[in-house]
Each structure stands twice: as structure tokens, then as C-alpha cells.
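Breakdown of the fold
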Amino acid sequence: PFFLIFMICATTISAQKQSNIWYFGDGAGLDFNDSCKPRVLTNGAMNGFEGCATIADKSTGELLFYTDGITVWNAGNQPMPNGAGLLGGTSTLLSSTTAAVIIPKPLAPDIYYVVTIDEQSSGNGIRYSVVDMSLNGGLGDVVAGQKNLFLFSTTSEKLHVVPTADGCGFWLLTHDNPGNTFAAFKITQNGFDAIPVLSSAGGTQGNGAGHIKVNRQLNKLAMGNLFDATIELFDFDNTTGVVSTPLVWDFSFPNALIYGVEFSPDGSKLYVSNIEKIIQYDISQPNAAAIEASAFDVSQNAGVFYQPATLQLGPDNK
């Protein structure tokens, strides 16, 4: 019986095609459902230049909804009836690095959590709202009374989500600011665990901007430290949620605004953006000095109008 339960969980929350639609920026988007190349979308209702999130149907890849952390738009590119006023930033700034992530509730096919994190200057911390896709004629809506529910106090702008090792839930990862502590909230069919797994590791973060990412192998976590101009690579235990064993090297390029980070599909490379360059590091090297020495500017021939910011590995492994 245990084996059967495990298989049901793993099948239920498998990502499949949930990441096949992206909306971002000023009405921009990408559709990855074509196996040859992503199709450009220009019909998005969003106009924001930092954090955003989109979710598609896991089986068909069709759009369900998207958000900039303040408004939730449905598949018809219309705001959900109760989808305004989320606390993933202020409408005047719209300047949280992550702003929002969307998490399917395990074993509840119509229910999604929109988790928001606001600008480090705004003080709302991490909140979550519940979207029920059975509402509003199947276009979905934020459930009344389940909006902007408080989860965690931080002035960081960092959020990241990965599946748990047992295939039956997710880890929601964030960081304190200022501080050197990671918080990992486990999400199961019962919702959010109220008490996060806390891990103190690495340098003290003094600025909330910039991303954290976990590789596809689910065993490494990376982020930058703006004030120290360093890159930090950690071990991540996908069973316990613990972050440990920091490996730190200098970001030896002008402008230490270490914003975007992303791993290669095989986990051997780490890409870092400071909104001027994209630097590739070979993290298969044996120590921090060798990793730093492997730095390669992959954006050096991109032209003067190219300003890389967020980095995100696509469903097509590019």
C-alpha cells in the first residue's frame, strides 16, 4: 500500500508541462509547447519588469494564470475577480526580484498557492493566496478569505520552489535579510508546515535583491551576495530541506549587483548576471579558486543594447 500511495503522489504533482507558458515584462511571453522552438507571445496583460510567475496545465500545457505579485490574470488575460491587491510589491514600485511563485497544492488538482514576496523596503514579507481553478466558470479566482495570508517575515526578495525527495510535496525556499539563514517551508497535501527548516550557512546578506536557484539535480543551491561581491554555492538536502557547506568565490567584474543565477541542465555550470554581463562558471572544478578561475563572459559579443537580468532555464533545456 505504501508503494501505491507514493506513486499516486509522484504522479499527481509531476511538473510535466506546467512551465510551458511564460508571461513577463511588458506584454511579452513565450510558449514552449512547440517541440521545435518557443513561440513568441505578445498578448500578455502584464506590464512589469521584475518578478512574475506563470502556470500552465500539467497535461496540456495550456495557460491557467499568471501574476506580477500584485494582480492575477486568467487564461483570457483578464484580472481574476478577486485577483487584485496581492502583496508581492507596491503598484508604484513593482520592484521585487521574485515577487511571486505559483505552487500546485499536492493531491488537489484545482488548487494553487500564489506565494508573494515584496520589495525589501515595503515590509509585507512572504504571504500566500489560494487560487481555485473551479471558480469563475473554470477560469479560476482567488478564494475569498484566503488572500495575503502571512507566512514569514523577511525583507529579502528571494523565493524558490523545488519538489521534495518523496515526490509528494514541495520546498519553498527563502532567506533572511540581513542575516545568513535560509528558511525552507515544506508544502504537502495538508498545506504549509508552520515551522520552517532553518539553516545558517554562508555570508551575511545585507541586501534582499537577487535570486536563489537550485539545480535540476536538486542537490546544489546558488546565490550572490551583493555587498561582498561574492558567489555562494551550497549543498541542498532535498529530503530534509537543509542548506549547508558553503563554497564562496569572488565576483571579479565591475558592478557587484549579482542578480540572476541559473544552473546548466546537467548541473556542471553556473551562470550569473549582474545586469551588465552573463558569466559562466565551471562548478565541477574541485575548489573555489578553480571555479573563480573558470569564469567566462558569455555575453561579451552580445552588443551594447543587451542588458541581461533574470536567468531562467527553459523547458527546452536552453
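Owing to the predicted nature of the structure, the values given are computational and were not obtained by experimental measurement.

The rules we used
Residues numbered from 1 in each chain as written. Predicted model: local features only at pLDDT ≥ 70, side-chain atom pairs only at ≥ 80, totals over all residues. Heavy atoms only, no water. Buried < 20%, exposed > 50% of the residue type's maximum accessible area, 1.4 Å probe, protein only. Helix = DSSP H or I, 4+ residues; strand = E, 2+ residues; numbered from the N terminus. Pairing = 2+ DSSP bridges. 1 Å grid on protein atoms, 1.4 Å probe; cavity = no way out; pocket = protein on both sides within 12 Å on 5 of 7 lines; lining within 4 Å. Points joined across faces, edges and corners; volume = space filled by probe spheres on them. Nonpolar A, V, L, I, M, F, W, Y, C, P; charged D, E, K, R; others polar. Core = buried A, V, L, I, M, F, W, Y, C linked by side-chain atoms within 4.5 Å. Contact = heavy atoms within 4.5 Å. Phe/Tyr/Trp six-rings, centres within 6.5 Å; stacked < 30°, edge-to-face > 60°. pLDDT = per-residue confidence, 0-100.

Right, let's get into the pairing of strand β7 (residues 100-104). Counting buried residues along β7, five of its five residues qualify, which places the element largely inside the surrounding structure. Sheet topology places β7 next to strand β8 (residues 111-117); five bridges connect them, and they run antiparallel. Residue pairing in the sheet places I102 in a bridge with V114 of β8. In this structure, the hairpin formed by β7 and β8 is closed by a connection of six residues, where L107 is found at a positive phi of approximately 60°.

A few words now on empty space enclosed by the protein. Overall, the coordinates contain two cavities of 30 Å³ or more when judged by the stated rule. Size it by volume and the largest cavity reaches roughly 60 Å³. Lining the largest cavity are M46, G48, F49, E50, G51, C52, D68, G88, L94, S95, S96 and A99. Considering only residue class, the lining of the largest cavity consists of five nonpolar, five polar and two charged. Computed from the structure, the second largest cavity encloses a volume of approximately 30 Å³. Those elements that provide at least two residues to the lining of the second largest cavity are β13 (170-175), β14 (179-188) and β16 (197-205). A per-element tally of the lining of the second largest cavity places β14 first, with three residues. Looking at the lining of the second largest cavity, its residues break down into six nonpolar, three polar and no charged.

Formed by 20 residues in total, the largest nonpolar core has its most connected members in I103, Y113, V115, L151, L172 and F192. Mapped by element, the contributors of at least two residues to this core are β7, β8, β9 (126-132), β11 (149-152), β13 and β14. Ranked by residues supplied to this core, first place goes to β8 with four residues. Setting aside its immediate chain neighbours within four residues, Y113 contacts V101, I102, I103, K105, Y128, S129, V130, I187, G191 and F192. In terms of nonpolar packing, the next biggest core, distinct from the first, is built from 17 residues, A209, L226, I231 and V272 among them.

Next up on the list: the packing of aromatic side chains. For any two aromatic rings, the description comes down to two numbers: the centre-to-centre distance and the angle of the planes. Considering all chains together, one arrives at eleven aromatic pairs under this definition. When the centroid spacing of 5.5 Å and the interplanar angle of 20° are considered together, the rings of Y66 and W73 count as stacked. Given a relative accessible area of 0%, Y66 falls into the buried group. Between the aromatic rings of F152 and F185, the centroid separation amounts to 5.5 Å while the plane-to-plane angle is 75°, which identifies the pairing as edge-to-face. Linking F152 in strand β11 with F185 in strand β14, this pair joins segments that are 33 residues apart in sequence. Given the relative accessible area of 0%, F185 is considered buried. Taken together through their ring pairs, the aromatic side chains of Y23, Y66 and W73 make up a single cluster.

Here the focus is the confidence of the model for the protein chain. For the protein chain, per-residue confidence averages 92 on the pLDDT scale, and 93% of positions sit at 70 or higher. With pLDDT under 50 throughout, residues 1-8 is counted as low confidence; its partners more than four residues away or in other chains account for four contacts. Per-residue pLDDT stays below 50 along residues 10-14; that stretch engages in 13 contacts with residues further than four places along the chain or on separate chains.

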